[in-house]
Amino acid sequence: MPSAPLVALRGVGKVFPTGTQALAGLDLEIRQGEFVALLGPSGCGKSTALRIVAGLSEPTDGVVEWLSPADETRSGNRLGFVFQEPTLMPWASVFTNVLLPLDLQHKSAANSAERVSAALDRVGLTAFRHAYPRELSGGMRMRVSIARALVTEPELLLMDEPFAALDEITRFKLNDDLLRMWQALRTTVVFVTHSVFESVYLSSRVVVMAARPGRVFTELAIDAPYPRDQNFRTSPEYAAHCRRASEALAQAIAAGGEP
Amino acid sequence: MSDLPPAHSRESGNPLPQYQQRTGPPLSRGTTEAHIRPPPTSLHERRDRALRIALPIAVLALGLLIWEMAVRIEDVPPYVLPAPGLILQTLVADWALLSNSLLVTLVTTLEGFLLAAAGGVGIAVLFNQSRLVEYSLYPYAVILQVTPVVAVAPLLLIYLPQQAAVLACAWIVAFFPVLANATLGLNSVDRNLADLFSLYGASRGQVLWRLKLPSALPYILGGLRIAGGLSLIGAVVAEIAAGAAGAGSGLAYRIAESGYRLNIPRMFAALLLLSAAGIVIFYLLSLVNYLALRHWHESALRPER
């Protein structure tokens, strides 16, 4: 079960140049091996918090602390990031897209090809390695994006509403596959979503955020055991967790006031 | 895994099954019948394509016929208006002279085009890499563009050897669309992709070669398509301007020279060759555009339906 802390946000605030206060006094600790969902209404700064963890955005207040030394046994770098859109290079094949992180770090070509193949195999797209993103469905493109994020075997996988644009059937399937990959790779995931059901199904901990300014409102532990599957989705236990999360979200929205 | 690729997937060499799957008749029609029936759009498409070729040709034929008849019936002398037949005869008779001139103009055009392509893309990359350089030089690029090249050509002919002046004119008119489009393209990079590159610690060079230039490629090719026609215009303008000085041998010079000699059929023949050159240049560049973008860019993809 979750053990040593991996990364922590301490008193993180973010004011955009336009003057918008996106985050204020955000405290959040991510432990190794956790699956944390950031749940909140739009405008609560959950994506901003994720970008700050990724180092894509600098906090204007507070600090991001990496609490564990870089794990030498892992061959890749620390972070993987999956955006809301698949964000693939349209001019490059699936294989080249997944290769990108290794390519940018000048990894040896032979080794890289193997790792790309493994990553594509993990998301079930081996047969489409030479296809272009245009030729794939939305769900398949998102799989490519996940394969690319996992190809470096990151310690921390950051996902910014990755399945928001997908239909429910595809989303459920990807949820299951994501859980499977998370368990197989024993990585840590922070998953931003505005879906109560998705957050409860996936995560071991739901962090509910409130808006204006963005902050942690409350946390819920989802102590149902993994692996989770269709049975969990229809269980009374799942329904109970969802109800608690919904109530917490409703309170968070009320606490955030009108936009 | 379970999610199906859309109909334009490369796996579907034959679009028929998918077509039937999406918009085919209700199942009661029977699947065998549905499968041998060709998609109704293909016939319509084929007729549409045939019309797109046949109609302009018909218009051309009709126009030429009227022209020929008018000249014959009114007995217009060839130094006023030569008939199409005579122009064609002149084209054949003067082929040695005209084809040499065509070659000269084409070489100038090609050189001007290549310089414009290299200059336009090069300057755009420079602007993209350094804001200070952009601020310093962009206004002059605009000035170069907005000053009519016809007015600049005589000056260039004073200071440069004729061939260099002609080339400079071709470059001046052709480089700006490449520069403007390439600049737009380099600034149109997907922000998330740019974030991804920085997340993985990409160097400036990697961002330029792996991200910015490929993103800009459709824009650059668009600019080149305009530049192709413009470099021909630039070359022609300079040749005409130089024509008075008399040492040229390009097609435009032939037009000017034939004008002085009232050899109107040859003027038309040379003009015909210039148009043909322009058309060929345009279609060659369109082909390059298509070949480079066909796998991935919206502009080069055929509609699904």
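Residues numbered from 1 in each chain as written. Chains lettered and ligands numbered in written order. Predicted model: local features only at pLDDT ≥ 70, side-chain atom pairs only at ≥ 80, totals over all residues.

**Q** Please explain the overall build of chain A as it appears in this structure.
**A** The helix and strand inventory of chain A stands at eight helices and nine strands. Structurally, chain A occupies a C-alpha span of about 50 × 45 × 35 Å along its principal axes. Taken across its 259 residues, chain A has 46% of its residues classed as buried. Put simply, of all contacts in chain A between residues at least 6 apart along the chain, 76% involve residues at least 24 apart. (Helix = DSSP H or I, 4+ residues; strand = E, 2+ residues; numbered from the N terminus. Buried ≥ 20, exposed ≤ 12 C-beta atoms within 10 Å, placed from the backbone. Contact = placed C-beta atoms within 7 Å.)

**Q** How should the overall build of chain B be read in this particular structure?
**A** The helix and strand tally for chain B stands at 12 helices and zero strands. Secondary structure elements of chain B occur, N-terminal to C-terminal, as α-α-α-α-α-α-α-α-α-α-α-α. Burial analysis of chain B (305 residues in total) assigns 34% to the buried set.

**Q** I tried to follow the domain arrangement of chain B on my own but got confused; where do I start?
**A** When the parts of a complex come together, some accessible area is lost, and that lost area is often taken as the interface size. Each assigned domain of chain B is listed with its residue range as follows: domain 1 (29–73) and domain 2 (82–300). Its C-alpha centre places domain 1 of chain B at a distance of 33 Å from the equivalent point of domain 2 of chain B. (Domains from an automatic or database assignment.)

**Q** In this structure, what is going on with the sheet that holds strand E2 (residues 21–31) of chain A? I would like to understand it.
**A** By definition, the strands of a sheet pair up through backbone hydrogen bonds, in either a parallel or an antiparallel sense. Residues and elements named next belong to chain A. Strand order in the open sheet formed by three strands is E2-E1-E4, with antiparallel pairing between adjacent strands. Looking at strand neighbours, the two that pair on one side only are E2 and strand E4 (61–66), the edges of this open sheet. Strand-to-strand, the axes of this sheet are offset by a mean angle of 10°, without reference to chain direction. Looking at chain direction, strand E1 (residues 5–15) and E2 are connected through seven bridges and run antiparallel. Pairing of Val15 across the sheet is with Gln21, part of E2. (Pairing = 2+ DSSP bridges. Axes fitted to C-alpha atoms, helices over the stretch in contact; angles between N-to-C directions.)

**Q** It is not clear to me how the interface of chain A and chain B should be interpreted in this structure. Could you clarify?
**A** Of the residues lining the interface, 24 residues belong to chain A; the matching set on chain B comes to 26 residues. Put simply, the parts of the chain that give the side of chain A that touches chain B at least two residues each are strand E5 (79–82), helix H2 (94–104), helix H4 (138–150) and helix H5 (168–185) of chain A. Its residues assigned to classes, the side of chain A that touches chain B comprises 14 nonpolar, six polar and four charged. (Nonpolar A, V, L, I, M, F, W, Y, C, P; charged D, E, K, R; others polar.)

**Q** I tried to follow the packing of helix H5 (residues 95–129) of chain B against helix H11 (residues 251–260) of chain B on my own but got confused; where do I start?
**A** For any two helices packed against each other, the geometry comes down to the angle between their axes and how far apart the axes lie. All names here are of chain B. Close contact between H5 and H11 brings their axes to 7 Å; oriented N to C, the two are set at 130°. Between H5 and H11, the interaxial angle falls into the category oblique. In this structure, H5 uses Leu98, Ser101, Leu102 and Thr105 to contact H11, whose residues at the interface are Leu251, Ala252, Tyr253 and Arg254. Its residues placed into classes, the contact of H5 with H11 shows five nonpolar, two polar and one charged. (Parallel < 35°, antiparallel > 145°, perpendicular 65-115°, else oblique.)

**Q** I would appreciate a short explanation of the domain arrangement of chain A in the present structure.
**A** All names here are of chain A. Segmenting chain A into domains produces domain 1 (5–68 + 155–256) and domain 2 (88–153). Here the C-alpha centre of domain 2 lies 25 Å away from the C-alpha centre of domain 1. Across the contact, 10 residues belong to domain 1 and eight residues belong to domain 2. Top element by residues in the side of domain 1 that touches domain 2 is H5. It accounts for five residues. Its residues placed into classes, the side of domain 1 that touches domain 2 shows eight nonpolar, one polar and one charged.

**Q** What is the right way to read unusual backbone geometry from this model?
**A** Outside of glycine, negative phi angles account for most residues, and trans bonds account for most peptide bonds. Residues and elements named next belong to chain A. Of note, the amide linkage connecting Arg212 to Pro213 takes the cis form, showing an omega dihedral of -10°. With respect to the secondary-structure elements, Pro213 resides in the loop between strand E8 (205–210) and strand E9 (215–221). With an omega dihedral of -5°, the bond running from Tyr226 to Pro227 counts as a cis peptide bond. Assignment of secondary structure puts Pro227 in the loop between E9 and helix H7 (230–233). Notably, Arg186 is not glycine yet its phi reads approximately 45°, a positive angle. With respect to the helices and strands, Arg186 occurs in the loop between H5 and strand E7 (188–193). For Arg186, a count of 10 C-beta atoms within 10 Å puts it in the exposed group. In this model, Arg212 sits at a positive phi of 50°, which is unusual for a non-glycine residue. Relative to the helices and strands, Arg212 is located in the loop between E8 and E9. Residue class for Arg212 comes out partly exposed when judged on the 18 C-beta atoms lying within 10 Å of it.

**Q** For this particular structure, what's the right way to read the environment of His194 of chain A?
**A** Residue and element names in this part refer to chain A. Inspection of the secondary structure assignment puts His194 in the loop between E7 and helix H6 (196–202). In this structure, the C-alpha to C-alpha distance between His194 and Ala240, residues 46 residues apart in sequence, is 18 Å. Contact partners of His194, with chain neighbours within four places excluded, come to Leu39, Gly40, Pro41, Ser42 and Glu161.

**Q** How should I be thinking about the sheet that holds strand E3 (residues 35–39) of chain A in this particular structure?
**A** All names here are of chain A. A sheet is described by the order of its strands in space; here six strands give the open sequence E5-E6-E7-E3-E8-E9, paired in mixed fashion. Two strands close off the open sheet at either side, each with one partner strand: E5 and E9. Within this sheet the neighbouring strands show an average axis-to-axis angle of 20°, counted without direction. Pairing analysis gives five bridges linking E3 to E7, with the strands arranged parallel.

**Q** I'm lost on the environment of Leu106 of chain B in this one. Help?
**A** Residue and element names in this part refer to chain B. Note that Leu106 resides in helix H5. Look at Leu106 and you get partly exposed, because 18 C-beta atoms sit within 10 Å. Sequence-wise, Leu106 and Leu81 are 25 residues apart; in three dimensions their C-alpha atoms are separated by 27 Å.

**Q** Would you mind showing me how to read the confidence of the model for chain B here?
**A** Caution is warranted with low-pLDDT regions, since their predicted coordinates should not be read in detail. Residue and element names in this part refer to chain B. The share of residues in chain B with pLDDT of 70 or more is 83%, and the mean pLDDT across the chain is 83. Note on residues 1–36: pLDDT under 50 across the span, and 34 contacts to partners over four residues away in sequence or across chains. The complex prediction reports pTM at 0.81, with the ipTM value standing at 0.90. (pLDDT = per-residue confidence, 0-100.)

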